[in-house]
Amino acid sequence: MSKEETQDTGGMNYLVSLPRRVVIVYIPLLVFLLVLLFPFYWMAITGFKPNAELLSRTGNPFWVIAPTLDHFKHLLFETAYPSWMWNTVLISTVSTFFSLAASVLAAYAIERLRFYGSRQVGLGIFLAYLVPPSILFIPLAYIVFQLGLFDTRWALMLTYPTFLIPFCTWLLMGYFRSIPFELEECALIDGASRLQILTKIVLPLAVPGLISAGIFAFTLSWNEFIYALTFISSSENKTVPVGVITELVEGDVYHWGALMAGALLGSLPVAVVYSFFVEYYVAGMTGAVKE
Amino acid sequence: MLPATLLLLLFLTYPLGLGTWLGFTDAKVGRAGVWVGLDNYEYLFGDAVARLSLFNTLFYTVVASVLKFGLGLWLAILLNQNIPFKSFVRAAVLLPFIVPTALSAIAFWWIYDAQFSIISWTLVKLGWIDTYIDFLGDPWMARLSTIAANIWRGVPFVAICLLAGLQTISPSLYEAAAIDGAKPSQQFWYVTLPLLTPIIAVVMTFSVLFTFTDFQLIYVLTRGGPLNATHLMATLSFQRAIGGGALGEGAALATAMIPFLLAAILFSYFGLQRRAWQQGGGDK
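Our subject in this report is the structure included herewith.

How each quantity is defined
- Residues numbered from 1 in each chain as written.
- Chains lettered and ligands numbered in written order.
- Predicted model: local features only at pLDDT ≥ 70, side-chain atom pairs only at ≥ 80, totals over all residues.
- Heavy atoms only, no water.
- Contact = heavy atoms within 4.5 Å.
- Buried area = accessible area lost by both parts, 1.4 Å probe.
- Polar contact = N/O pair within 3.5 Å; in protein donor to acceptor, adjacent residues only side chain to side chain.
- Helix = DSSP H or I, 4+ residues; strand = E, 2+ residues; numbered from the N terminus.
- Nonpolar A, V, L, I, M, F, W, Y, C, P; charged D, E, K, R; others polar.
- Phe/Tyr/Trp six-rings, centres within 6.5 Å; stacked < 30°, edge-to-face > 60°.
- Buried < 20%, exposed > 50% of the residue type's maximum accessible area, 1.4 Å probe, protein only.
- Salt bridge = Lys/Arg side-chain N within 4 Å of Asp/Glu carboxyl O.
- Axes fitted to C-alpha atoms, helices over the stretch in contact; angles between N-to-C directions.
- Parallel < 35°, antiparallel > 145°, perpendicular 65-115°, else oblique.
- Left-handed = near helix turned anticlockwise from the far one by under 90°.
- Patch = residues over 30% accessible without salt bridge, like charges linked within 9 Å, V, L, I, M, F, W, Y side chains within 5 Å.
- Areas by Shrake-Rupley, 256 points an atom, 1.4 Å probe, with all protein chains shown as cover.

**Let's talk about the interface of chain B and chain A**
In step 1: Contact residues are listed per partner, giving 90 residues for chain B and 91 residues for chain A.
In step 2: At the boundary of chain B with chain A, total buried surface from both sides reaches about 8,300 Å², with 83% on carbon and sulfur atoms.
In step 3: On inspection of chain B and its partner chain A, the count reaches 7 residue pairs in polar contact (both at pLDDT 80 or more).
In step 4: For the side of chain B that touches chain A, the leading source of residues is helix α1 (residues 3–23) of chain B, giving 13 residues.
In step 5: Classifying every residue of the side of chain B that touches chain A by side-chain character gives 73 nonpolar, 12 polar and 5 charged.

Shown next, in the form of structure tokens:
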């Protein structure tokens, strides 16, 4: 392509010729999508494959000839999978709601009650968000043990908020900041208390923020691994990610079909929740990174 | 009005302090330790496996972060184009980031399987290789395989965040640049990149932090093997503290990560500050 042409088309995408666009945009994008989505396809196709097909080297591994539900049946009726699922749902929901409630109060206090050092507290919240779980799990295990919570669901419900609250608070602080001050002043003049202002004025306006924070917190706690691995030892208290990794792998015989079926089922709920709230999720993620 | 403070103090600040303190003791599981000063650190410094894990962690972080940044920026720019099914494509791209890492790691484990790897199968059928690749059995191969899996998971995050940054750049700036005769590459270097720098700094800080302290991927794929070639500091500290029962030693290893994390945060913080000033000075 000559220099002049490049100059002409620069910046105005609709002027780029179609073949050129195919090469510089569509093909790379297609490759990206293929690579990013292939593991999911592979997970699904393996989950439905009978063992004979899994272990044969002939035939086309990319497709399944005789799909079977055996692996799912094995998973649901012969392992503790349903109870892991229930644990994960329970723990994620409880810790999400708990964190949201605490974060709303904290974020509102930091943003609107002008107390001494509120800026520092805000910064502290952000730094707390940056503390990774892999540094905290040893001392937390120690504490969990001392509190007698080891191997209970409470251990996880109480520790998940340590990474959820900083995140949600940070996100909600941004939302609360965008709500005009004047609304609250009006309410104050009309005689509303701080709590009334929060529940009747601020929260209804911050619903999108609450949804973002909630969705994000839910997926974060659904995906949590290291705490669940460390604090839980008995099979019936495990969460899905930990259960699949620790219980379905037995010695040297890998039940690939069941493993993949477990991974697929465990990923589905978050994927479904996510697909309904993509915009909120993206807003939450990018909102937390901006600022 | 601050129940959050209470919880954070009890379960975040206190453990952070406790972890540092545990690092200076010889605590074991079920036994409170006594103060041993820097013994743990001295021991770890002399321990070849611990040093190897430091090297692995740095290698893993640097390679994965650089590639995540490059690929993520590329993907973000592609997504910023006028493409059909835009919102669908964007949603699909983020999928690797939202499903549980432990579970997608299982898929990678299967993809990397020594006997039934789909990658090996394809390459053999294409006639590019003769024998199946031992993805997780050979030290360097295992390092690269785990890095590839990490990149797979991290690129969507970087791309979607950078896309949000790209969308805030006004198209009129590109029009102005085009009128001034800037080529696409010049537009990228002199318009896109400077305006994107602040968000790049933040996104990459996150990315580096989470890569440096990664645990799940390694734990699922290799458990640190072969020959400790993929042990990161996080997995090693888990193995020593929970598997081996040496809480103090594990805590010391975990604490040893903090200076690196602080360095990353400070680097991006000061980088960000300088850029913000440059922009203000350049624009006005």
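**Section: the packing of aromatic side chains**
In step 1: According to the stated counting rule, one finds 38 aromatic pairs over all chains in the structure shown.
In step 2: With centroids separated by 5.4 Å and ring planes inclined at 90 degrees, the aromatic side chains of Y274(A) and Y281(A) adopt a geometry described as edge-to-face. Neither residue differs from the other here; Y274(A) and Y281(A) are each classed as buried.
In step 3: Ring geometry for F59(B) and W140(B): centres 5.3 Å apart, planes at 85 degrees, overall edge-to-face.

**Things to note about helix α5 (residues 101–111) of chain B**
In step 1: Counting buried residues in α5(B) gives 11 out of 11 residues, a clear majority hidden from the surface.
In step 2: Residues of α5(B) that are buried include every one of T101(B), A102(B), L103(B), S104(B), A105(B), I106(B), A107(B), F108(B), W109(B), W110(B) and I111(B), and no others.

**With respect to the pattern of salt bridges**
In step 1: Inspection of every chain in the model, using the stated rule, returns 6 salt bridges over all chains.
In step 2: In this structure, E184(A) engages R194(A) in a salt bridge whose closest nitrogen and oxygen atoms are separated by 3.8 Å. Remark: R194(A) occurs in helix α11 (residues 194–205) and E184(A) occurs in helix α10 (residues 181–189); sequence separation between them is 10 residues.
In step 3: The class of E184(A) is buried, set by a relative accessible area of 5%.
In step 4: Given a relative accessible area of 32%, R194(A) falls into the partly exposed group.
In step 5: E249(B) is the salt-bridge partner of R240(B), the closest N and O atoms lying 2.8 Å from each other.
In step 6: For R240(B), a relative accessible area of 16% puts it in the buried group.
In step 7: It is possible to trace a salt-bridge network through shared partners that takes in D47(B), R240(B) and E249(B).

**As for the side chain of S134(A)**
In step 1: Here S134(A) shows up in helix α7 (residues 133–146).
In step 2: Given a relative accessible area of 3%, S134(A) falls into the buried group.
In step 3: Looking at S134(A), its side chain comes within polar contact range of the main-chain oxygen of T213(B), at 2.7 Å.

**Points about the environment of L22(B)**
In step 1: Inspection of the secondary structure puts L22(B) in helix α1.
In step 2: Separated by 210 residues in the primary sequence, L22(B) and L232(B) have C-alpha atoms spaced 20 Å apart.
In step 3: Sequence-distant contacts of L22(B), defined by excluding residues within four places in its chain, comprise I138(A), P139(A), Y142(A), A27(B), N40(B), G248(B) and A251(B).

**Quick look at the side chain of N237(A)**
Residue and element names in this part refer to chain A.
In step 1: Residue placement: N237 occurs in the loop between α13 (226–231) and α14 (240–247).
In step 2: For N237, a relative accessible area of 13% corresponds to the buried category.
In step 3: For N237, the contacting residues outside a window of four places in its chain are N87, D151, T152, R153 and I232.

**Looking at the packing of helix α2 (residues 18–47) of chain A against helix α4 (residues 86–98) of chain B**
In step 1: Closest axis-to-axis distance for the α2(A)/α4(B) pair is 9 Å, and the angle between their directions is 45 degrees. Between α2(A) and α4(B), the interaxial angle falls into the category oblique. Regarding α2(A) and α4(B), the two cross each other, and that crossing is left-handed. Within the contact between the two elements, α2(A) uses L29(A), L33(A), L36(A), L37(A) and F40(A) and α4(B) uses V89(B), A92(B), V93(B), L95(B) and P96(B).

**With respect to unusual backbone geometry**
In step 1: For D151(A), which is not glycine, the phi torsion reads 65 degrees and is therefore positive.
In step 2: Topologically, D151(A) is positioned in the loop between α7 and α8 (153–159).
In step 3: Unusually for a residue other than glycine, N228(B) sits at a positive phi of about 60 degrees.
In step 4: With respect to the element layout, N228(B) can be found in the loop between α10 (216–221) and α11 (233–243).

**Overview of a nonpolar patch on the surface**
In step 1: A cluster of nonpolar side chains, L18(A), V22(A), V23(A), I24(A), I27(A), V31(A), L34(A) and V35(A), forms an exposed patch at the surface whose accessible area comes to about 720 Å².
In step 2: Mapped onto the elements, I27(A) comes out in helix α2.

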